[in-house]
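# Results of the structural survey
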Amino acid sequence: MTFTIAAFWPPPPHQTTEARYREIAEAGIDLIITGNYLNDTTILRHALTCADEAGLGVLVASDPRVDVLMRDLDPACDEQIDTLIGKVIDDYAGHRSFRGVSLMDEPYPDRFERLASGVSAVRSRGHLAYVNLFPGHHVGSYDAYVGSFVDAVKPSLLSFDRYPFLSSGEDEGYFADLALVRAHALRAGIPAWMYVQTLGYDNHRTPSAAEIAWQVNTALAYGYTGIQYFTYWTPDPARGEGFQPALLSGDGVPTPRYAAVRELNRRWLRPVGAELARLPWVSAGHTGPVPAGAQPVADGLVLAGDAVVGRYGPRHLFVCNAGHSSPTEVTLGVGSIAVFDPATGSYQPCSPTFPLAPGAARLLRTAA
């Protein structure tokens, strides 16, 4: 299974250049999910050309023909949908950067039948059919919502967004959604992707570098193989929602979070994600107070420390600081262990007691 580092909301049309797309790649991002007024065939083809040269992948998420087709309430037969989706794909498939089509963001259940036809049409042509789901607080029963989506649509992957850093504190439902979406993905045998908050907007505050790393590492503990940054470029103020600067400001100036994400992606997430992607994820658990919807760590696995622990296969543990504002010291109740060095791709012996900075993590291999 491959590991994907993506970003939503690329540069706007007048900033869609090869240099800007190389700047994206320099940040350790593999895949761009379009938006930000890249909403006609001409500019999307230009973006794909820039991505071709920069070595990026592109998921087309802003072709208006797809949006109209998927949201149309009039009946449409599968053959019509297949033909129209085929025309969209034909417009972009000549670019080596083209990865697939986003069919809809945050659909309600009345669109699931239409999305099933769209997913089938895209997948039959060998490309990724992508749909991003609501967070749990926007629907009634989240379990029923995600489960019915999986059953009806038969997606290629599960993706959702829930941004935990609120102006009033931390969103207590973050881990419940993280666990539930991952559980449905596991049962369906498909990858799970999630969005990472990079900016402040209505009722949400701007996260720190440690808080961005915490989102990434808690997702890795839960076995996610797709990390998507929301957003890369700062959305236009005219869109509303009070968006604050993201990785790049609205004027295209890198913010401190651009440097933090570049460091995180290149020195940590890319090598560790690649290592985890070859291992089967088993479970995730928490020490101390267990968040709603989550599970405790198995008895005796962690003797001390505030941690989220992901189990991969019979020998690997991904241990993340459960906190993003203070360090913790973890002691594992296992035998000899080795720690993964992302710089060399090797494992080195280490003590079962080790410190974790706020939001930080370690990938460990046990002797048995």
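Structure first, text after, so check above.
Residues numbered from 1 in each chain as written. Predicted model: local features only at pLDDT ≥ 70, side-chain atom pairs only at ≥ 80, totals over all residues. Heavy atoms only, no water.

### Quick look at the side chain of S97
Tracing the backbone shows S97 in the loop between α4 (78-92) and β4 (98-105). Using a relative accessible area of 1% as the deciding quantity, one classes S97 as buried. Polar contacts involving the side chain of S97 include one to the side chain of D52, which spans 2.7 Å. (Helix = DSSP H or I, 4+ residues; strand = E, 2+ residues; numbered from the N terminus. Buried < 20%, exposed > 50% of the residue type's maximum accessible area, 1.4 Å probe, protein only. Polar contact = N/O pair within 3.5 Å; in protein donor to acceptor, adjacent residues only side chain to side chain.)

### Digging into the pairing of strand β18 (residues 353-356)
Where burial is concerned, the two faces of β18 differ: the one with F354 and L356 is buried and the one with T353 and P355 is not. Bridge analysis of strand β15 (residues 328-332) against β18 gives four bridges, and the strand direction is antiparallel. Bridging from a neighbouring strand, T328 pairs with L356 of β18. (Pairing = 2+ DSSP bridges.)

### A look at the sheet that holds strand β5 (residues 128-133)
The eight strands lie next to each other as β1-β2-β3-β4-β5-β6-β9-β10, forming a closed barrel whose pairing is parallel. Here the strands of the sheet are splayed against their neighbours by 30 degrees on average, with no regard to which way each runs. Sheet analysis places strand β3 (residues 57-60) next to β4, joined by three bridges and oriented parallel. Across the sheet, residue V58 finds its bridge partner in β4, namely F98. (Axes fitted to C-alpha atoms, helices over the stretch in contact; angles between N-to-C directions.)

### Details of the environment of Y258
On the secondary structure map, Y258 appears in helix α9 (residues 256-277). The spatial distance from the C-alpha of Y258 to the C-alpha of A209 is 9.5 Å, given a sequence separation of 49 residues. With residues near it in sequence (within four places) discarded, Y258 still touches E23, E26, A27, Y232, L247 and L248. (Contact = heavy atoms within 4.5 Å.)

### Describing the packing of aromatic side chains
For the structure shown, the criterion picks out 23 aromatic pairs. Sitting above the plane of the Y37 ring, R239 keeps its charged end 5.5 Å from the centroid. (Phe/Tyr/Trp six-rings, centres within 6.5 Å; stacked < 30°, edge-to-face > 60°. Lys NZ or Arg CZ within 6 Å of the ring centre and 35° of its normal.)

### Some points on the packing of helix α5 (residues 112-123) against helix α6 (residues 142-153)
In contact at an axis separation of 8 Å, α5 and α6 are set at 45 degrees when each is read in the N-to-C sense. Here α6 runs oblique to α5, going by the angle between their axes. The chirality of how α5 crosses α6 is right-handed. Only Y145, S148, F149, A152 and V153 of α6 make contact with α5, whose side of the interface consists of F112, L115, A116 and V119. (Parallel < 35°, antiparallel > 145°, perpendicular 65-115°, else oblique. Left-handed = near helix turned anticlockwise from the far one by under 90°.)

### Quick look at the side chain of T366
Relative to the helices and strands, T366 is located in strand β19 (residues 361-366). Dropping the residues within four chain positions of it, T366 is found in contact with P314, R315, L317, V334, S336 and I337.

### What to know about the pattern of salt bridges
Summed over all chains, the structure comprises 16 salt bridges. Close ionic contact of E26 with R266 constitutes a salt bridge, the shortest N to O distance being 2.5 Å. Of this pair, E26 sits in helix α1 (residues 18-26) while R266 sits in helix α9; the two residues are 240 residues apart in sequence, bridging distant segments of the chain. According to the relative accessible area criterion, R266 is partly exposed, its value standing at 44%. For R162, the salt bridge is made with D177, and the minimal N-O distance between the two is 3.0 Å. (Salt bridge = Lys/Arg side-chain N within 4 Å of Asp/Glu carboxyl O.)

### Things to note about unusual backbone geometry
Residue T231 follows F230 across a cis peptide bond; omega there is 0 degrees. Note on placement: T231 falls in the loop between β10 (226-230) and α9. Backbone geometry at Y37 places phi at a positive 70 degrees, although glycine is not the residue there. Given the relative accessible area of 37%, Y37 is considered partly exposed. You will see that K154, though not glycine, has its phi angle at about 55 degrees, which is positive. For K154, the location among the structural elements is in the loop between α6 and β6 (158-160). Residue classification places K154 among the exposed residues on the basis of a relative accessible area of 54%.

### Considerations on the sheet that holds strand β12 (residues 302-304)
Read across the sheet, three strands follow the order β12-β15-β18 without closing on themselves; strand pairing throughout is antiparallel. Where the open sheet ends on each side, the last strands, each with one partner, are β12 and β18. Neighbour-to-neighbour, the strand axes of the sheet open up by a mean angle of 35 degrees, direction not taken into account. Pairing geometry for β12 and β15, over two bridges, is antiparallel. Residue pairing across strands places A304 opposite T331, the latter belonging to β15.

Geometric values such as these leave the question of function open.
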